[in-house]
Amino acid sequence: MFRFIRVTRWLFPLLALALLAATPARAQLTIEIVGGAGTTIPIAIVPFENEGTWPLGITGIVGADLTRSGLFRLVDYAGILPRPARTEDVKSGDWRARGADAVVVGTMRPQGDGRVEVRFALVDTGRQAELAAMTYVVAPAQFRATAHKIADVIYEKLTGDVGVFSTRIAYIAKQGRRYQLNVAEADGFNPQTVVTSNEPLLSPAWSPDGTRIAYVSMENKKPIVYIQSLASGQRQVLANFRGSNSAPAWAPDGRKLAVTLTKDGGSQIFLINPDGGGVQRMLTSASIDTEANFTPDGQSLLFTSDRGGSPQIYRLNLRSGAVERLTFDGSYNVSARATPDGKGFVFVRREGGRFNVAIQDYATRQVQVLTSGSLDESPSVSPNSKLILYASEQGGRGILAAVSSDGRVKQRLVAPATDVREPAWGPLPR
Amino acid sequence: MRNWIIVALVAAFVVGCKSTETQPAAPIDEQTPAAAAAAGPGAGGASTSGTGASGVSGTPAGAGAMSPLKDPKSILSKRIVYFDFDSFAVKDEFRSVIDAHAKYLQANRSARMTLQGHADERGSREYNIALGQKRSDAVKKLMQLLGATEMQIETVSFGKEKPRDPGHDEAAWAENRRVEIVYVGE
């Protein structure tokens, strides 16, 4: 078995309203941190005043989130008494002596209606200054969501980047012959099954507003693309044309999707409205064109094509129709995903029979290989462009793994007795 | 030589049975808004959360008991065409099988067929769907040259999702790079 770090066993009722209709999945993903960043921010997270009143606290989850990012190191709070609960209680000298650059303190106070007022403050021990303070009034069932929000605030204040602890991920879990499309919190908790099938499911793609997921199902003896609402669980066919229908990708404004259809011969890229209408062919080639992915400005599509004799990544300018080849190194470069910061893209490259996730910068054309498995595939970038979730293999089983975009932080998400694959990182909550 | 005799017999049989054996010639149309709206859970038994719908649509039973498609002695019982690594070229050893099926389609214009392309496990899932599609398209092209019509054959791909051999070696990969011939209604 693996060593699970800071995994609590509390399973609470559903958090996100969007998932009320979903059913709990059996296999919980647990996270293992494989490697850390070179430098980490030392931070002390003091249990909130009254936190022990509730079985599931908040600070433990905040600490787990920050640690998992690989950018933070927790400093022990034991022995500093009385425990500070407010900014003015924090004696910076005590914390600096322990090496903490920042301290998180807070209070929890039951309201009459069963809800709880949660206040927290982030204090810079160097300047004895409050960097952030927030108050939330929530039901205990929302403690996990609240903890993720607090972690997001801390992460953003101390790193300058947006936190992604409140986001969700989708992935396909395969147990025996059964395929499930699951949605979970970014830390793997609260997995909810939104589709179950005895035939393959693949290529989940989040709508930009996080309310819907497009995916490919082979339940009707061919690949068909569906769009499903997470709130209601209802779905509709997006593309069921003669031939194969696959590789859905949403435009950043949510008003179009790119799909690969073979209805006119060959695998070709089309745009389609979310209701299945307005089908428009974007490219005409005698080669394979597939795996489209929009750039964050919505102006271009990255895609895979074998027009040059081997599969490579190309970019189509949707306005001019111009096509530009982006990858030149190696004979197999596929599955491009644009990073949300607009600077480049991640993709899968084959070298020496191994498949690994790499990142390429548009401006410098520099390629960095980020992973070292043998069958790494299906990369998906976090909304802050800092982490890449991908499918890997361990002991003959599919697992999910994450790597930071600089290659330094590595994590694995493992579910017992389950093949996990096809991860898709959801958008920032609105 | 024996194969050709069987093909001739099959053709004669099919012609003879044509009036009684006709399957509903479900044309494989492009989707319409109505079709999209009516899409329920499929025959593959997929279910989505939050839906109370249980209207699983069954598929019709296969061709009649006398169908040459079911005769294990007929070349028409051969349903798999294998491919070399990274190749879409139909190898000579499969020409006779493809020819027999093409002639069956020619003799039975109401028959409909799906060619299901597959790839081995290496590489991207979506790119492998495109590779499998290229293989099923190659077989279709040949069948058209040999007498089948365009509308009789739908080509699809399962990529690497449905391997025949779950292994991870050369032998398994060779078994999985294939096109499967499936008649509609089977």
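This structure is a prediction, so every number in the text was calculated from the model and none was measured. (Residues numbered from 1 in each chain as written. Chains lettered and ligands numbered in written order. Predicted model: local features only at pLDDT ≥ 70, side-chain atom pairs only at ≥ 80, totals over all residues.)

**Details of the sheet that holds strand β3 (residues 113-117) of chain B**
Residue and element names in this part refer to chain B. Stated formally: DSSP calls a pair of strands paired once it identifies at least 2 bridges connecting them. In DSSP terms, a helix is any run of H or I states spanning at least four residues, a strand is any run of E spanning at least two, and both are numbered starting from the N terminus. Angles run from 0 to 180 degrees between N-to-C directions of axes, and those axes are lines fitted to C-alpha atoms, restricted for helices to the stretch in contact.
Read across the open sheet, the 4 strands follow the order β2-β5-β3-β4; overall the sheet is mixed. A strand with exactly one partner marks an edge of an open sheet, and here the two such strands are β2 (80-82) and β4 (153-157). Geometrically, the sheet is characterised by an average inter-axis angle of 20° between neighbouring strands, direction not taken into account.

**Details of the interface of chain B and chain A**
We count it as follows: By the convention adopted here, residues are in contact when the distance between their C-beta atoms, placed from the backbone, does not exceed 7 Å. Classification convention: Asp, Glu, Lys, Arg as charged; Ala, Val, Leu, Ile, Met, Phe, Trp, Tyr, Cys, Pro as nonpolar; all other residues, Gly among them, as polar.
Each partner contributes residues to the interface: chain B has 36 residues there, and chain A has 55 residues. Of all elements in the fold, only α2 (33-37), β1 (47-48), α4 (125-145) and β4 of chain B reach the threshold of two or more residues within the side of chain B that touches chain A. Broken down by element, the residue count for the side of chain B that touches chain A peaks at 8 residues, all from α4 of chain B. Of the residues that constitute the side of chain B that touches chain A, the class distribution is 13 nonpolar, 15 polar and 8 charged. Inspection of the sheet shows strand β10 (residues 192-197) of chain A paired to β1 of chain B by 2 bridges, in the antiparallel sense. Residue pairing for β1 of chain B: V195 of chain A is matched across the bridge by T48 of chain B.

**Side note on the environment of V194 of chain A**
All names here are of chain A. To keep it simple, the criterion reads: Residues are called buried when their C-beta atom has 20 or more other C-beta atoms within 10 Å, exposed when it has 12 or fewer, and partly exposed otherwise; all C-beta atoms are positioned from the backbone.
Its location among the elements puts V194 in strand β10. Judged by C-beta crowding, with 25 C-beta atoms within 10 Å, V194 ranks as buried. Along the sequence, V194 and D419 sit 225 residues apart, while their C-alpha atoms lie 17 Å from each other.

**Quick notes on the pairing of strand β6 (residues 116-124) of chain A**
All names here are of chain A. As paired strands, strand β5 (residues 102-110) and β6 are joined by 9 bridges and run antiparallel to one another. Note on β6: the bridge partner recorded for V103 is V123. Remark: 5 residues form the turn of the hairpin made by β5 and β6, two consecutive strands paired antiparallel; G114 in that turn has positive phi of roughly 90°. The sheet contact formed by β6 and strand β7 (residues 129-138) spans 9 bridges and is antiparallel. By the bridge assignment, V118 is partnered in β7 with Y136. The hairpin turn running from β6 into β7, its antiparallel successor, is 4 residues long, and Q128 in that turn takes a positive phi close to 50°.

**Examining helix α3 (residues 143-159) of chain A**
Residue and element names in this part refer to chain A. Applicable threshold: The span expected for a helix works out to 1.5 Å for each residue beyond the first.
Along its 17 residues, α3 runs 24 Å from first to last C-alpha, staying within 8% of the 24 Å computed at 1.5 Å per residue. Most of α3 is tucked away: 13 of the 17 residues are buried. Phi turns positive one or two residues past the end of α3, at G160, with a value near 85°.

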